[in-house]
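# Architecture and fold: a report
Next come the chains, spelled out residue by residue.
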Amino acid sequence: MTLHIVSVDQTPAQPWRNGGGQTRELLAWPDAADWQLRVSVADIDRDGPFSAFPGVQRWFAVLEGAGVVLGLPAGEAQLTLASPPCGFDGEAAPACRLLDGATRDLNLMSQRRHGEARMQPVLAGQPLAAGPAWRGLFTAQALRLRAGPDEWALPPLSLAWSAQDPHDWQLAGSGAPPRAWWLAFHRTPPRSETRP
(Lines give C-alpha, C1' and ligand atoms only; values in the text may rest on other atoms or scores of the structure.)
Protein backbone atom coordinates (compact mmCIF):
# COMPACT_ATOMS: atom_id res chain seq x y z
CA MET A 1 0.00 0.00 0.00
CA THR A 2 0.99 3.64 -0.37
CA LEU A 3 1.30 5.54 2.91
CA HIS A 4 1.67 9.33 2.83
CA ILE A 5 3.47 11.00 5.74
CA VAL A 6 3.23 14.76 6.35
CA SER A 7 5.18 16.49 9.13
CA VAL A 8 3.93 19.62 10.92
CA ASP A 9 7.47 21.04 10.95
CA GLN A 10 7.68 20.81 7.14
CA THR A 11 4.30 22.49 6.54
CA PRO A 12 4.18 26.30 6.17
CA ALA A 13 2.04 28.27 8.61
CA GLN A 14 -0.81 30.45 7.38
CA PRO A 15 -1.99 33.32 9.63
CA TRP A 16 -5.64 33.57 10.58
CA ARG A 17 -7.64 36.47 9.18
CA ASN A 18 -8.51 37.63 12.71
CA GLY A 19 -4.88 37.50 13.86
CA GLY A 20 -5.64 35.07 16.66
CA GLY A 21 -3.32 32.32 15.52
CA GLN A 22 -1.97 30.38 12.58
CA THR A 23 -2.78 27.10 10.84
CA ARG A 24 -0.68 24.43 9.16
CA GLU A 25 -2.78 22.54 6.63
CA LEU A 26 -1.48 18.98 6.49
CA LEU A 27 -4.01 17.68 4.00
CA ALA A 28 -6.98 18.76 1.88
CA TRP A 29 -8.35 15.57 0.28
CA PRO A 30 -8.92 14.61 -2.48
CA ASP A 31 -8.39 18.10 -3.93
CA ALA A 32 -7.30 21.35 -2.28
CA ALA A 33 -9.80 23.43 -4.27
CA ASP A 34 -12.77 21.13 -3.57
CA TRP A 35 -11.90 19.13 -0.47
CA GLN A 36 -14.08 16.55 1.24
CA LEU A 37 -11.71 16.15 4.19
CA ARG A 38 -9.19 18.55 5.74
CA VAL A 39 -6.59 17.94 8.48
CA SER A 40 -4.69 20.80 10.08
CA VAL A 41 -2.78 21.85 13.18
CA ALA A 42 -3.54 25.28 14.65
CA ASP A 43 -1.56 27.44 17.05
CA ILE A 44 -4.01 29.62 19.00
CA ASP A 45 -2.41 32.72 20.53
CA ARG A 46 -5.39 34.66 21.88
CA ASP A 47 -9.10 34.47 22.65
CA GLY A 48 -11.53 34.85 19.75
CA PRO A 49 -14.16 33.11 17.62
CA PHE A 50 -13.55 30.26 15.23
CA SER A 51 -14.37 30.80 11.57
CA ALA A 52 -17.76 29.53 10.40
CA PHE A 53 -17.79 26.49 8.06
CA PRO A 54 -21.41 25.81 7.02
CA GLY A 55 -22.06 22.21 6.03
CA VAL A 56 -18.86 21.01 7.69
CA GLN A 57 -18.40 18.56 10.56
CA ARG A 58 -15.45 19.42 12.83
CA TRP A 59 -13.31 17.53 15.34
CA PHE A 60 -10.88 19.22 17.72
CA ALA A 61 -8.20 17.89 20.11
CA VAL A 62 -5.58 19.68 22.23
CA LEU A 63 -1.98 18.76 21.35
CA GLU A 64 0.02 21.18 23.51
CA GLY A 65 -0.70 23.80 26.17
CA ALA A 66 -3.27 24.11 28.97
CA GLY A 67 -6.25 23.95 26.61
CA VAL A 68 -9.30 26.01 25.70
CA VAL A 69 -12.96 26.61 26.47
CA LEU A 70 -15.25 26.47 23.43
CA GLY A 71 -18.63 28.19 23.52
CA LEU A 72 -20.79 25.58 21.75
CA PRO A 73 -24.57 25.72 21.22
CA ALA A 74 -25.08 23.09 23.94
CA GLY A 75 -22.91 25.03 26.42
CA GLU A 76 -19.25 25.61 27.20
CA ALA A 77 -16.80 22.73 26.69
CA GLN A 78 -13.43 22.81 28.46
CA LEU A 79 -10.83 20.87 26.49
CA THR A 80 -7.39 19.95 27.81
CA LEU A 81 -4.65 17.43 27.00
CA ALA A 82 -6.68 14.82 28.89
CA SER A 83 -9.95 15.46 27.03
CA PRO A 84 -11.27 13.21 24.27
CA PRO A 85 -11.70 14.84 20.85
CA CYS A 86 -14.65 17.23 20.61
CA GLY A 87 -16.96 17.02 17.60
CA PHE A 88 -19.23 19.92 16.60
CA ASP A 89 -20.94 21.57 13.63
CA GLY A 90 -18.70 23.90 11.65
CA GLU A 91 -21.45 26.49 11.29
CA ALA A 92 -21.46 26.92 15.09
CA ALA A 93 -18.25 29.04 14.90
CA PRO A 94 -17.73 28.80 18.68
CA ALA A 95 -16.00 31.42 20.76
CA CYS A 96 -12.62 30.15 21.98
CA ARG A 97 -11.05 31.16 25.31
CA LEU A 98 -7.53 30.09 26.28
CA LEU A 99 -7.22 28.51 29.73
CA ASP A 100 -3.59 29.52 30.38
CA GLY A 101 -1.58 30.72 27.40
CA ALA A 102 -1.23 29.59 23.81
CA THR A 103 -2.25 26.11 22.67
CA ARG A 104 -1.60 23.87 19.70
CA ASP A 105 -4.56 21.85 18.45
CA LEU A 106 -5.46 19.13 15.94
CA ASN A 107 -8.39 19.82 13.61
CA LEU A 108 -10.32 17.41 11.38
CA MET A 109 -13.04 18.75 9.07
CA SER A 110 -15.30 16.98 6.57
CA GLN A 111 -18.02 18.09 4.17
CA ARG A 112 -21.20 16.45 5.45
CA ARG A 113 -22.65 16.10 1.95
CA HIS A 114 -19.80 13.72 1.10
CA GLY A 115 -19.61 11.63 4.26
CA GLU A 116 -18.79 11.44 7.96
CA ALA A 117 -15.42 11.83 9.68
CA ARG A 118 -14.35 10.52 13.08
CA MET A 119 -11.43 11.25 15.39
CA GLN A 120 -10.63 9.00 18.34
CA PRO A 121 -7.64 8.61 20.63
CA VAL A 122 -5.40 5.62 19.97
CA LEU A 123 -5.59 3.09 22.80
CA ALA A 124 -2.84 0.56 23.42
CA GLY A 125 -3.62 -2.62 21.48
CA GLN A 126 -6.65 -1.14 19.67
CA PRO A 127 -6.34 -1.25 15.85
CA LEU A 128 -8.08 0.89 13.25
CA ALA A 129 -10.13 -1.47 11.10
CA ALA A 130 -10.08 -1.43 7.31
CA GLY A 131 -13.14 -0.09 5.55
CA PRO A 132 -13.23 3.72 5.48
CA ALA A 133 -12.60 5.49 2.18
CA TRP A 134 -9.78 7.38 3.91
CA ARG A 135 -7.81 6.66 7.09
CA GLY A 136 -5.18 8.57 8.98
CA LEU A 137 -3.06 8.55 12.11
CA PHE A 138 -1.83 11.74 13.73
CA THR A 139 0.86 11.29 16.35
CA ALA A 140 2.37 13.74 18.81
CA GLN A 141 5.29 11.37 19.46
CA ALA A 142 7.52 9.01 17.47
CA LEU A 143 5.64 5.78 16.71
CA ARG A 144 5.74 2.77 14.41
CA LEU A 145 2.64 1.99 12.34
CA ARG A 146 1.96 -1.50 10.98
CA ALA A 147 -0.45 -2.36 8.14
CA GLY A 148 -0.40 -5.93 6.86
CA PRO A 149 3.24 -6.90 6.13
CA ASP A 150 4.47 -3.29 6.12
CA GLU A 151 5.74 -1.09 8.93
CA TRP A 152 6.67 2.60 9.01
CA ALA A 153 8.49 4.83 11.50
CA LEU A 154 6.55 8.06 12.08
CA PRO A 155 8.22 11.19 13.48
CA PRO A 156 6.60 13.31 16.19
CA LEU A 157 3.85 15.71 15.06
CA SER A 158 3.12 13.95 11.79
CA LEU A 159 0.11 12.72 9.85
CA ALA A 160 0.16 9.34 8.10
CA TRP A 161 -2.71 8.66 5.72
CA SER A 162 -3.92 6.36 2.97
CA ALA A 163 -7.02 5.84 0.84
CA GLN A 164 -8.56 2.43 0.12
CA ASP A 165 -6.07 0.38 2.15
CA PRO A 166 -7.30 -3.22 2.71
CA HIS A 167 -5.39 -3.86 5.96
CA ASP A 168 -6.16 -3.11 9.59
CA TRP A 169 -3.80 -0.54 11.12
CA GLN A 170 -2.10 -1.02 14.46
CA LEU A 171 0.86 0.34 16.36
CA ALA A 172 3.95 -1.83 16.59
CA GLY A 173 5.14 -2.59 20.10
CA SER A 174 3.28 -2.13 23.35
CA GLY A 175 3.38 0.04 26.42
CA ALA A 176 1.59 3.12 27.71
CA PRO A 177 -1.19 4.62 25.54
CA PRO A 178 0.41 6.97 23.00
CA ARG A 179 -0.42 10.61 22.31
CA ALA A 180 -1.99 9.80 18.95
CA TRP A 181 -5.37 9.82 17.21
CA TRP A 182 -7.04 7.61 14.61
CA LEU A 183 -8.82 9.57 11.86
CA ALA A 184 -11.37 8.07 9.46
CA PHE A 185 -13.70 9.27 6.74
CA HIS A 186 -16.68 7.19 5.56
CA ARG A 187 -18.23 8.32 2.29
CA THR A 188 -22.00 8.68 2.02
CA PRO A 189 -23.34 6.12 -0.48
CA PRO A 190 -24.89 7.79 -3.55
CA ARG A 191 -28.66 7.90 -3.56
CA SER A 192 -30.27 5.45 -5.95
CA GLU A 193 -32.56 6.99 -8.50
CA THR A 194 -36.17 5.93 -8.42
CA ARG A 195 -38.40 6.11 -11.46
CA PRO A 196 -42.22 6.08 -11.50
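Residues numbered from 1 in each chain as written. Predicted model: local features only at pLDDT ≥ 70, side-chain atom pairs only at ≥ 80, totals over all residues. Heavy atoms only, no water.

Judged by nonpolar contacts, the single largest core of 22 residues is most densely connected at Val 39, Trp 134 and Phe 138. Residue assignment for this core shows that the elements contributing at least two residues are strand S3 (21–29), strand S4 (37–44), strand S6 (56–64), strand S11 (103–111), strand S12 (115–121), strand S13 (134–139), strand S16 (158–163) and strand S18 (180–187). The contacts of Phe 138, once residues within four sequence positions are left out, are Val 8, Leu 26, Val 41, Leu 63, Leu 106, Leu 157, Ser 158, Leu 159, Ala 180 and Trp 181. Val 122, Leu 143, Trp 152 and Leu 154 belong to the second-largest nonpolar core, a separate cluster that totals 14 residues. (Core = buried A, V, L, I, M, F, W, Y, C linked by side-chain atoms within 4.5 Å. Buried < 20%, exposed > 50% of the residue type's maximum accessible area, 1.4 Å probe, protein only. Helix = DSSP H or I, 4+ residues; strand = E, 2+ residues; numbered from the N terminus. Contact = heavy atoms within 4.5 Å.)

Quick look at the layout of surface pockets now. By volume, the largest pocket amounts to about 400 Å³. As for the largest pocket, its lining consists of 20 residues, and the residues nearest its centre are Trp 16, Thr 23, Arg 38, Ser 51 and Phe 53. Taken together, the elements giving at least two residues each to the lining of the largest pocket come down to strand S2 (14–15), S3, S4, S6 and S11. The element contributing the most residues to the lining of the largest pocket is S4, with four residues. Residue classes in the lining of the largest pocket are distributed as 10 nonpolar, six polar and four charged. (1 Å grid on protein atoms, 1.4 Å probe; cavity = no way out; pocket = protein on both sides within 12 Å on 5 of 7 lines; lining within 4 Å. Points joined across faces, edges and corners; volume = space filled by probe spheres on them. Nonpolar A, V, L, I, M, F, W, Y, C, P; charged D, E, K, R; others polar.)

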